Amino acid sequence: MSGDADIILRTEAVGKRFGGFTALKDITVEFRRGAITSIIGPNGAGKSTYFNLLSGAFPPSSGRVIFEGRDVTGTPQHRFAHMGIAKSFQITNVFPQLTTHENIRVAAQALQTCFDMWRPRSAMRQLSDAADALLVLVGLGDHRDRIAGTLAHGEQRALEIGMALASRPRLLLLDEPTAGMSPEETRTMMDLIVKLASERTVILVEHKMKLVMGISDRLLVLHHGELLAEGTPDEIRGNELVKRVYLGKREH
Ligand SMILES: Nc1ncnc2c1ncn2[C@@H]1O[C@H](COP(=O)(O)OP(=O)(O)OP(=O)(O)O)[C@@H](O)[C@H]1O
Ligand SMILES: [Mg+2]
């Protein structure tokens, strides 16, 4: 139902074509507020394309995206952070020459409509304290003054999430946050995601199904650009179509 407070985000028959190729077809889904919803599916299923539609990176070729009851289809990307949606990408996106603390401050400052050179000191102090709190939240409290480019891969991904959180989003979108991570880094990231989800809605893209089974409230399965299945982890685990798609495909 439109405007339902339990539904933070909806897509209505969204589709995406790239030239003559249909990457995504007629996806109608409601995302519940406060839940972790994972979008899974094999390589090339359309997950990142769907993620890009949800995060406003590009508009759908058809259909509508509704955030908190408002039609946001075609809203420019830079408006999304102000609306309460933040994301981190499949590839790492930090400023490698800046410290971790500076990275988060830059992210926070980028959100201010105009940067006032004469901001009172107290406001600057607030910004700095908020950045410190975010570093602690994402597990980088001990690395405040490290140059971001020298952090381990898993730490850089955590920093990127800290940067996304600087806009205080109600909805956090993550595209393969564990891509390229060691098993230990992956576990740390999964713990972080669960922690973050206690205070905000999380939508997660992942092609390793097993990884998200344990932490997700709901799962969407995409395959060849279509919504193959939707449900709780138990429902998805028992779904014959899903089994067939993943059968014989070694997860890596
Ligand atoms: N900009 C683009 N131009 C043309 N084709 C594209 C574009 N982006 C994606 N595609 C195609 O759309 C399909 C879905 O791609 P997408 O990146 O959404 O898959 P994915 O599920 O995220 O895969 P992965 O698990 O590898 O990240 C693929 O066949 C891809 O080649
Ligand atoms: Mg992808």
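Residues numbered from 1 in each chain as written. Chains lettered and ligands numbered in written order. Predicted model: local features only at pLDDT ≥ 70, side-chain atom pairs only at ≥ 80, totals over all residues.

## A short note on the pairing of strand β1 (residues 7–18)
(1) Moving on: Direction of pairing for β1 relative to strand β2 (residues 21–32): antiparallel, over a ladder of 8 bridges. If you follow R17 over to β2, its bridge partner there is T22.
(2) Moving on: Linking β1 to β2, which pair antiparallel, is a turn of 2 residues; within it G19 sits at a positive phi near 60°.
(3) Moving on: Sheet topology note: the β1/strand β4 (residues 62–67) ladder contains 5 bridges and is antiparallel. Paired with G15 across the strands is S62, a residue of β4. (Pairing = 2+ DSSP bridges. Helix = DSSP H or I, 4+ residues; strand = E, 2+ residues; numbered from the N terminus.)

## Considering the sheet that holds β1
(1) Moving on: As summarised here, the arrangement of the 4 strands in space is β2-β1-β4-β5, forming an open sheet in which the pairing is antiparallel. Unpaired on one side and paired on the other, β2 and β5 (70–71) mark the two borders of the sheet.
(2) Moving on: Helix-sheet contacts for helix α1 (residues 47–54) involve β1, β2 and β4, and the interaxial angle to β1 is about 125°. (Contact = placed C-beta atoms within 7 Å. Axes fitted to C-alpha atoms, helices over the stretch in contact; angles between N-to-C directions.)

## A word on the site of ligand 1
(1) Moving on: By nearness alone, every residue bordering ligand 1 is listed as F18, F21, A23, G41, N43, G44, A45, G46, K47, S48, T49 and H207.
(2) Moving on: Those elements that place two or more of their residues in the shell around ligand 1 are β2 and α1.
(3) Moving on: Of the residues belonging to the shell around ligand 1, the class tally is 4 nonpolar, 7 polar and 1 charged. (Near = placed C-beta within 6 Å. Nonpolar A, V, L, I, M, F, W, Y, C, P; charged D, E, K, R; others polar.)

Just geometry here; none of it tells us what the structure is for.
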